[in-house]
Amino acid sequence: MKKSCILFFSLFSLTALAQKNDVVTTQVSSKADALQSQIIAWRRDFHEHPELGNHEVRTSAIIAKHLQSLGIQVQTGIATTGVVGILKGDKPGPVVALRADMDGLPVIERTPVPFASKVKTIYNGQEVGVMHACGHDSHMAILMAVAQILSTMKSELHGTVKFIFQPAEEGVEPGQKGGAEEMVKEGVLQNPKVDVIFGLHINSQTEVGKITYRPGGTMAGVNDMQIIVKGRSAHGAYPWSSVDPIVVSAEIINNLQTIVSRNINVTENPAVVTIGAIKGGNRSNIIPESVEMLGTLRSFTAADEKLLAERVKQIATKTAEAQGATAEVKIPYSNHYPVTFNDPELTQKMLPSLQHTAGAQNVLLRPPVTGAEDFSFYQEKVPGLFFFLGGMPKGGNPLTAPSHHTPDFYIDESGFTLGVKALCNLTLDYMASAQQ
Ligand SMILES: [Zn+2]
Ligand SMILES: [Zn+2]
């Protein structure tokens, strides 16, 4: 009898909570749907006027003006062009950060859309086209709509929302600093202190209406590397008087491939070791003195990241030593991204929110992605959840849909409102869970 009473009351409170959530979810849904044409207009404007990392001057001005018009407290000029909006709810509660990135890429657009970019600029000393070829235009438009919707719900908001519009996710020119790492250094997760962060990435090879996610290691942690092999130069006709750095480099390249096949537990997490550049010598009959190799290391746990770096150093230096040469290894050489790691507890807690928003059948577990994301710098400091939003037209083929960073990259705009609803509901549901 007692047991059934408890069951009755807990069922009653769960149902009441679900009904309450349903009211809010419906409100969010209709507000997002009403904003659809505005979201598309914002996105098209950003698309037509893309700016490279750390140069998002026009872009950030539009965002700052929009946030100010909503009565949101705005900070500008963070990590060059970053914009942060703070929306303080009327009720106490946690601080939820939501992040969008703002930069385009040095790609010449080839899509037939009427708002295609014709922008040209100088990058790395060369004239290049500029294109939102990763979909960051849609991330900004989505987050601007989220800010608009949540600002109308200020009186019911149990906590504070921090809107982070971040420059230079795609990296910067050599020698510059930027992106999430700099935003974190400049204190974007402080004052007020962020409790949790959510972010999304549109995906050109996932169908509109779908959300994909993964708990734990979601996108790879990346270290780039430089290996310099030094030997002794000689005439190509008399190799016995050389220490040939080209032959040593060939051995190193092959030996490095045993790290993934023999040192990484491939049943747990994948890893990648790639040498992408090899430079040495300039003639057929001269054995050069040295060879430079550049490469990338990708893994999904901090432990694997450490293991990859240690094994590359051992293999390169010892292989060289065995041949009388030397190898100097720099890891990272010029850039490092941590693993984009979705806090497993947070992911489990927020999964019902995504399922409720998109329909459970549309929220799919995805394999890990060996690309990287600088959202990981926020997740190093606070628990975070980063998920993917479908942007491929319904019925499209993920194998042939143009991938990100290519001139034909294309996004179906009908998927944007789902992103808006998902970020609104994650925020509201997280705040509601903190009240219990
Ligand atoms: Zn990208
Ligand atoms: Zn991107």
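Because the structure is a prediction, the values reported are computed rather than measured.

Draft legend 1. Region of the structure containing the coordination of the zinc ion (ligand 1). Taken together, Cys134 (SG), Glu170 (OE) and His405 (NE2) make up the protein donors of the zinc ion (ligand 1), found 2.0 to 2.3 Å from the metal. Mapped onto the polypeptide sequence, the residues donating to the zinc ion (ligand 1) form the spacing pattern C-x35-E-x234-H. For the pair the zinc ion (ligand 1) and the zinc ion (ligand 2), the metal-to-metal distance amounts to 3.1 Å, and Cys134 bridges them. Within this pair, whereas Glu170 is found in the loop between β6 (158-166) and α5 (180-185), its partner His405 is found in the loop between β19 (384-392) and α10 (416-435), the two being separated by 235 residues in sequence. When its relative accessible area of 22% is taken as the criterion, Glu170 is described as partly exposed.

Draft legend 2. How the structure looks around helix α6 (residues 245-262). Between its first and last C-alpha atoms α6 spans 25 Å; for 18 residues at 1.5 Å apiece the expected length is 26 Å, and the two agree. Within α6, burial applies to Pro245, Val248, Ser249, Ile252, Leu256, Ile259 and Val260. Taken down its axis, α6 places every buried residue within 130 degrees of arc, on the same side. The exposed residues of α6 that point more than 90 degrees off its buried face are Asn254 and Arg262. For α6, the elements touching its buried residues are β10 (221-230), β12 (272-279), β13 (286-287), β14 (290-299), α7 (302-322) and β15 (326-330). In this structure Asp244 caps α6, since a side-chain oxygen of it lies 2.8 Å from the backbone nitrogen of Ile246.

Draft legend 3. Representation of the domain arrangement of the protein chain. With domains assigned, the protein chain is organised as domain 1 (2-219 + 340-434) and domain 2 (221-336). For domain 1 versus domain 2, the separation of C-alpha centres amounts to 38 Å. Summing both partners gives a buried area of about 610 Å² for domain 1 against domain 2, and 68% of it is carried by carbon and sulfur. Our count for the domain 1 to domain 2 interface comes out at 0 salt bridges. Where domain 1 packs against domain 2, one counts 1 residue pair in polar contact (both at pLDDT 80 or more). For the side of domain 1 that touches domain 2, the leading source of residues is strand β9 (residues 216-219), giving 3 residues.

The rules we used
Residues numbered from 1 in each chain as written. Chains lettered and ligands numbered in written order. Predicted model: local features only at pLDDT ≥ 70, side-chain atom pairs only at ≥ 80, totals over all residues. Heavy atoms only, no water. Donors = N, O, S within 2.8 Å, 3.2 Å for Na, K, Ca; no water. Helix = DSSP H or I, 4+ residues; strand = E, 2+ residues; numbered from the N terminus. Buried < 20%, exposed > 50% of the residue type's maximum accessible area, 1.4 Å probe, protein only. Expected span 1.5 Å × (residues − 1). Arc of directions from axis to C-beta. Contact = heavy atoms within 4.5 Å. Polar contact = N/O pair within 3.5 Å; in protein donor to acceptor, adjacent residues only side chain to side chain. Domains from an automatic or database assignment. Buried area = accessible area lost by both parts, 1.4 Å probe. Salt bridge = Lys/Arg side-chain N within 4 Å of Asp/Glu carboxyl O.

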